[in-house]
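A structural walkthrough
Each chain, letter by letter, is given below.
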Amino acid sequence: MSSRPHSTNFRPEIPKRPLEIPTRGSSGRPASASHNAEGKKLTVGRDIRLAGEIGSCDILVVEGHVEAQIKECSRLEVSNGGTFVGSAQVDEAEISGKFEGDLNARRVVIVSSAEINGKITYGALQIENGARIKGSLDYVEGSDDGTSRSGTSAAITIPRKSDDS
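About the cut-offs
Residues numbered from 1 in each chain as written. Predicted model: local features only at pLDDT ≥ 70, side-chain atom pairs only at ≥ 80, totals over all residues. Heavy atoms only, no water. Helix = DSSP H or I, 4+ residues; strand = E, 2+ residues; numbered from the N terminus. Buried < 20%, exposed > 50% of the residue type's maximum accessible area, 1.4 Å probe, protein only. Contact = heavy atoms within 4.5 Å. Phe/Tyr/Trp six-rings, centres within 6.5 Å; stacked < 30°, edge-to-face > 60°. Pairing = 2+ DSSP bridges. Axes fitted to C-alpha atoms, helices over the stretch in contact; angles between N-to-C directions. Salt bridge = Lys/Arg side-chain N within 4 Å of Asp/Glu carboxyl O.

**Thoughts on the overall build of the chain**
Broken down by element type, the chain carries zero helices and seven strands. The helix and strand sequence of the chain, counted from the amino end, reads β-β-β-β-β-β-β. Taken across its 165 residues, the chain has 27% of its residues classed as buried. In the chain, the proportion of contacts linking residues at least 24 apart, taken out of those at least 6 apart, comes to 4%.

**So, the environment of A124**
The topology assignment puts A124 in strand β6 (residues 115-127). Given the relative accessible area of 17%, A124 is considered buried. Once the C-alpha coordinates of A124 and Y139 are considered, the two residues, 15 residues apart in sequence, prove to be 7.8 Å apart.

**Observations regarding the packing of aromatic side chains**
Enumeration over the complete set of coordinates arrives at two aromatic pairs. Relative to Y139, the ring of Y122 has its centre 5.8 Å away and its plane inclined at 55°; by these criteria the two rings are tilted. Note that Y122 is positioned in strand β6 and Y139 in strand β7 (residues 132-139), a separation of 17 residues in sequence.

**What to know about the sheet that holds strand β1 (residues 41-44)**
The parallel open sheet is built from seven strands, whose spatial order is β1-β2-β3-β4-β5-β6-β7. Edge positions in the open sheet fall to β1 and β7, since each of these has one partner strand only. On average, adjacent strands in this sheet sit at an angle of 20° to one another, irrespective of strand direction.

**What about the pairing of strand β5 (residues 98-110)?**
As paired strands, strand β4 (residues 83-95) and β5 are joined by 12 bridges and run parallel to one another. Paired with T83 across the strands is K98, a residue of β5. Strand direction decides the pairing type here: β5 and β6, joined by 12 bridges, are parallel. Residue pairing in the sheet places N104 in a bridge with T121 of β6.

**Describing the side chain of T83**
Relative to the assigned elements, T83 resides in strand β4. Setting aside its immediate chain neighbours within four residues, T83 contacts V62, G64, H65, V66, V78 and K98.

**Re the pattern of salt bridges**
Going through the model one piece at a time under the given rule, you end up with seven salt bridges. Linking E115 and R132 is a salt bridge whose minimum nitrogen-to-oxygen distance equals 2.8 Å. You can see E115 sitting in strand β6 and its partner R132 sitting in strand β7, a full 17 residues away along the chain. Of the charged contacts, one joins K119 and D138 as a salt bridge, the two residues approaching to 3.6 Å between their closest N and O atoms. Here K119 is found in strand β6, whereas its partner D138 is found in strand β7, with 19 residues between them in sequence. A network of salt bridges, in which partner residues are shared, links R75, E77, E92 and E94.

From the geometry alone we can't say anything about function, so treat these as descriptive.
Written out as structure tokens, the structure is:
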């Protein structure tokens, strides 16, 4: 065995790379609105609870449980399995999960899996067969999304409870 100490002159060359930040475009510049069509998006994931006031957000996606007041948001999406409790004033809303409270939107889409308890004030409304709504629906003249009211019409069918159920 040698009694000499080992030399520590060996230094491997590690190539330096620019820092990549996930929220930036591939060119290193912040992504512009044309590259980021979603804008300011807040997603409340499954098993997450959020309470408070939400504002200045383009899209709010609720997969968990949110108790809040929403103002100055463009779109609210309550996913199947998600719950929203509170009030929301948005341009568009798509409800697939549970909504409890007051909703004021120019355009509302209620998916068949939705459960709604509250008041919906709308300009345009679409309800899929199977959705459950308990509360009131109020149409506001002139607040729809500009689509023509002529054309095919829709009907809402409310099933009667049978005597044996």
